[in-house]
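# Structural characterization, general
So you can see what is in the structure, the chains are spelled out below.
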Amino acid sequence: MRLSFLLASAASAALLTGCTMTDKTLADAAAPAAAEPAVAATLTPPVAPRIDHEVTQVNRTRNDPYQWMKDDNWQEVMRDPTVLRADIRTYLEAENAYTKAVLEEPTTALRDELFKEMRGRIKEDDSTVPEIDGPYAYYTRYRQGGEYPIIARRAAADAFNPDAPETILLDGDAMGKDKDYFSFGGIDTSPDHKLVAYSTDTQGSEFYQIHIQDIETGEETAAVIDDAYGSFEWSANGQAIVWVHRDENARPDAVYQRNLATGEDTLLYEEKDPGFFVGVDKSASEEVIFISASGHTTSEVHWFKADELNPTLRTVAPRQTDNEYSVVHWDGQFYISTNLDGAVDFKLMKAPMEATSRDQWEEVIPHRPGTLLLGMQPQKDYLARMERENGLPRIVVRARADGAEHAISFDEAAYDLGLDSGYDFNTPILRFDYASPTTPDQVIDYDLNTHERTLRKTREVPSGHNPDDYVSERVMAPSWDGELVPVTLLRRKDTPVDGTAPLLLYGYGSYGITIPADFRTGRLSLVDRGFVYAIVHPRGSMAKGYQWYLDGKLEKKTNTFKDYIAAGHYLVDQGYTSKGKLVGHGGSAGGLLMGAAANMDPELFAGIIAAVPFVDVVTTMSDATLPLTPPEWPEWGNPLTSETDYDTIAAYSPYDNVTNQDYPAMLITGGLSDPRVTYWEPSKWAARLRHDAPDGGPYFLRINMEAGHGGASGRFEGLKETAVEYAFALAAVGKTDELDLSGDD
C-alpha cells in the first residue's frame, strides 16, 4: 500500500518540473478539500515541496529549498501555536500522520507495555524531603494519578511527619486541567510566609506569567506579570518582586522591580547586547540580590541590598571579554569563582562588598589544572563547593572559623552528585543528592560539625529494583588523536559482553554540559530487554575539565563528533555490541551530534533518535532574531561576519551535509512552540533526508503541536513520548516482532 497525503497536484507538479511556487500557491495546494480526509490509509511518506531560496553572505551562496517551513510570524506562533500558517500546519500534520501510521500504530502493544513499565517504576504519590524555612517546612508532592506537582507546607516542628496537617499552596493538577501544556517556573513564598509567588507557562514557549497569591484566601493580590522569563526574587521586606523580562525574540533582556503596593514596575537593568542574557538570584544569606549578565564566555554581576526599593546597582567587576565569574555572599564578603588570568578550571577569590574591580580580589584557592570548580553553596559557618576531577564530582567543605577543609567521599565507579541550596542559611546541615546508574536517588543530610550522614530518602521503585542485578562501569575510549573519552555504561549482569547485545549510545557534548551518571528508571526498559545503555562524555562537555569543553567548540567542534564515533567503535571492539547494533540518541545540541555522526559514519548505526535536534546550524547561526543566536556565537562562531566561521560550520552542519548514502532509520522530533530549537529545523532536515538520500531511512518526523523544547508536560504524558523513542530503538535492532526496521533478513 502507498500513502498519499493531500499536498495537491500543484505541489506535485512543482516537484516534478522543478518549478517554484509562491507562498500563496503553496498554501492553496497544501490545503485539503473541505469534504475529504487529510490522510489516506497508505504508507508513503509525505513529500515536501522544494522552493529555491538562495542566500548569500560573506561571499558564500547556498540554496535552502525548505526555508518556506519557517513561518515569518514565528514569534507569534511561540505565544499562540494556532496562528501557524495553514500550509505549514498541513505539512507537519501529514508528517505526524505518517509517523503514527508506520511507527506508532504497529508498535501500539509494545508502547503500551513500555509505558506501563515506566509508570510502574514511579511512586505516584511521591513527595520531596521537606525544606525548613522559618516556621514552616515546604515540600512538593504528587497525588495518585496526578500529572502535576502540588506545592504544600506543614509546621517546621512536624517537618518529617507525613501525617501532620498541611496547607496546599498550589495544586498543579487543578491548574493544569484541560490545558494542552502546563508547567511551573519559579515558586517562592514571601519573607513573612503570607504570600506565594509563582510563574506558569501554558504553551511550552517559555514565556511565563508571574502570579502573586494570598495563601490564606487563595486570592491573587497583584496584577499578573506578563512576558516574564519565569525566575524572580522577593525583596527582603516582602514589598517587591524582582523579575526578569522576556523580549519579543524570547530573550531575557531586562530586570524590573514590581512594587506590590503601587503595582509599578521600575527598570533596574536593561541589557543592550543581544549576546547576553540576564538573570536574578538572591544570596543564601538573603541580604543581597544579584543581577547577572552572561554571554557564553563573558559575565558581569551587579548587586543591591535585598531590602532596597528603587535601588542603585553596584557592579562587582565590569565585563571583560572571555572572563567568566560568579559570586556568592559569605562571611560578609563576596566569594568569586573565576577563570581570571588563565585559570582554565577556575579558581576561588574573595573581595570586600565595596570592591568594584578585579585588582581588589584576593586569591583563596589557586587554579588547579584538571580540578574544575563547578559551584558554591554558602551557609553561615561553612562554604561547600562542588568540584569535578577525573570525570567525577565531589563536595569539599571549608570552615569559616579556621579555613580547614574536608571532602565528602563516595565509592562507586560512576555517580551523580548535587548540592541542595535549601532555605536555612544558619543551619550546620548540608543537604545533597546522590545517585548512580544502578543506585536510586538518595537525599542525604550531612552534619557539617560532626560529619555524620542522615539518609532522608531513597527513591522508591514500586515495581521493584535490585541494584545487584545491574553493572555500572566507567571505561575510557581512545579517540582519533589518542585522547581518552569517558563512557558510562549500564547493563544487566546477565547481558553478555560478546558482541551480541544491542547498545544505545547517548551523547550531548556542547556548552560544557556534562551528562550525569544518574539513575533513570526509564532506561531499565531497554536494559532489561538486553540493551547496554552507554553515555559518552565527549569533548565539548566538561567531563575532564574546562579545557575538555574548549577542545570541543568553535573550530574544534568536530572533536565532539569524532569522540562520539570513536567511543562507539571502541565499545564494538570490546564486545559490548556489534557494528550495526548501535542506536544513537541525543537531543537539542545532542541532536546536532546525531546528525553529524550519521553523516560521518552511517554504517555504525542501526538507528538514530534525534530529539529537538539543532541541525540547521548555518541558517540558525545566521539569524540574529532567533533567541539563542547572538549569545551562542562564542560557542559556534558567527557566519554572518566571518568566512572562516561560515566554512567551519558549513562543513559539519547536518542539514547542509546530507548526501545520498545509506542512512539508518531515524526518529526526529520537535516542538511547535520551542524557542530553543525551532520546529522548522527538524522538519527541514527530515525533508532533505528523504529527498537527497531516498534509499536510506525510513525517516520519521514527529512534531509535538502543543509543546516546546521539553516535549509533553506532565510526568506521565512525557513517558508516552519516551515509549515511542524506545519502541523505535527496539525496532531498529530487530528486537520486536511488531515492527522490524533493522534491515536484517
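Source: prediction; values computed, not measured.

Definitions and cut-offs
- Residues numbered from 1 in each chain as written.
- Predicted model: local features only at pLDDT ≥ 70, side-chain atom pairs only at ≥ 80, totals over all residues.
- Heavy atoms only, no water.
- Helix = DSSP H or I, 4+ residues; strand = E, 2+ residues; numbered from the N terminus.
- Lys, Arg positive; Asp, Glu negative; His and termini not counted.
- Charge placed at Lys NZ, Arg CZ, Asp CG, Glu CD.
- Axes fitted to C-alpha atoms, helices over the stretch in contact; angles between N-to-C directions.
- Parallel < 35°, antiparallel > 145°, perpendicular 65-115°, else oblique.
- Left-handed = near helix turned anticlockwise from the far one by under 90°.
- Contact = heavy atoms within 4.5 Å.
- Nonpolar A, V, L, I, M, F, W, Y, C, P; charged D, E, K, R; others polar.
- pLDDT = per-residue confidence, 0-100.
- Pairing = 2+ DSSP bridges.
- Buried < 20%, exposed > 50% of the residue type's maximum accessible area, 1.4 Å probe, protein only.
- Salt bridge = Lys/Arg side-chain N within 4 Å of Asp/Glu carboxyl O.
- Polar contact = N/O pair within 3.5 Å; in protein donor to acceptor, adjacent residues only side chain to side chain.
- Expected span 1.5 Å × (residues − 1).
- Arc of directions from axis to C-beta.

Before going further, it helps to spend a moment on the overall build of the protein. Assigned secondary structure in the protein consists of 15 helices and 37 strands. Taken along the three principal axes of its C-alpha coordinates, the protein extends 75 × 60 × 55 Å. Within the protein, the 118 negative side-chain charges are centred at a point lying 2 Å from the centre of the 68 positive side-chain charges.

Relative to each other, helix H9 (residues 558-573) and helix H10 (residues 589-600) sit at 70°, their axes nearing to 9 Å. With respect to H10, the element H9 is oriented roughly perpendicular. The chirality of how H9 crosses H10 is right-handed. Where H9 approaches H10, its residues Thr-560, Phe-561, Lys-562, Tyr-564 and Ile-565 are matched on the opposing element by Leu-592, Leu-593, Met-594, Ala-596, Ala-597 and Met-600. Looking at the contact of H9 with H10, its residues break down into nine nonpolar, one polar and one charged.

So, on to the confidence of the model for the protein. Across the protein, the average pLDDT comes to 91, with 94% of residues at 70 or higher. Confidence drops under pLDDT 50 across residues 1-42; counting only partners more than four residues distant or on other chains, this segment forms 66 contacts.

Quick look at the sheet that holds strand S9 (residues 208-214) now. By way of backbone hydrogen bonds, the strands of a sheet pair with one another, either parallel or antiparallel. Pairing within the open sheet is antiparallel, and its seven strands lie in the order S7-S8-S9-S10-S11-S12-S13. If you trace the sheet from one side to the other, it starts and ends with strand S7 (183-189) and strand S13 (265-270), each paired once. Looking at each pair of strands side by side, their axes are set apart by 30° on average, direction ignored. With two bridges connecting them, S9 and strand S10 (residues 225-234) associate as antiparallel partners. Directly across from Tyr-208, in S10, lies its bridge partner Ala-228.

Here the focus is unusual backbone geometry. Put simply, Gly-697 and Pro-698 share a cis peptide bond, and its omega is 10°. Within the fold, Pro-698 resides in the loop between helix H14 (680-692) and strand S37 (699-704). Here Asp-178, not a glycine, exhibits a phi torsion of approximately 65°, which is positive. Under the relative-accessibility criterion, Asp-178 is labelled exposed at 77%.

Further remarks concern the pattern of salt bridges. As enumerated under the stated definition, the model contains 51 salt bridges in all. The salt bridge involving Asp-87 is made with Arg-85; its shortest N-O contact spans 2.6 Å. By relative accessible area, Asp-87 is classed as buried at 1%. In this structure, Asp-563 engages Arg-539 in a salt bridge whose closest nitrogen and oxygen atoms are separated by 2.7 Å. You can see Asp-563 sitting in helix H9 and its partner Arg-539 sitting in the loop between strand S33 (532-536) and helix H8 (546-550), a full 24 residues away along the chain. Both residues of the pair, Asp-563 and Arg-539, count as buried.

Relative to the helices and strands, Glu-271 is located in the loop between S13 and strand S14 (277-282). A distance of 2.7 Å separates polar atoms of two side chains, one belonging to Glu-271 and the other to Arg-319.

Here we take up the sheet that holds strand S3 (residues 131-133). Ordered in space as S3-S4-S5-S6, the four strands form an open sheet in which the pairing is antiparallel. Bordering the open sheet on either side are S3 and strand S6 (167-171), each of which pairs with just one other strand. Strand-to-strand, the axes of this sheet are offset by a mean angle of 25°, without reference to chain direction. Both strand S5 (residues 150-155) and S6 contribute to a ladder of four bridges, which runs antiparallel.

In this model, helix H5 (residues 108-120) (13 residues) spans 18 Å end to end at C-alpha, consistent with the 18 Å of a helix rising 1.5 Å per residue. For H5, every residue scored as buried is listed here: Leu-110, Arg-111, Leu-114, Phe-115 and Met-118. Taken down its axis, H5 places every buried residue within 135° of arc, on the same side. As for H5, its buried residues are in contact with helix H4 (86-104), helix H7 (524-527) and helix H15 (717-732).

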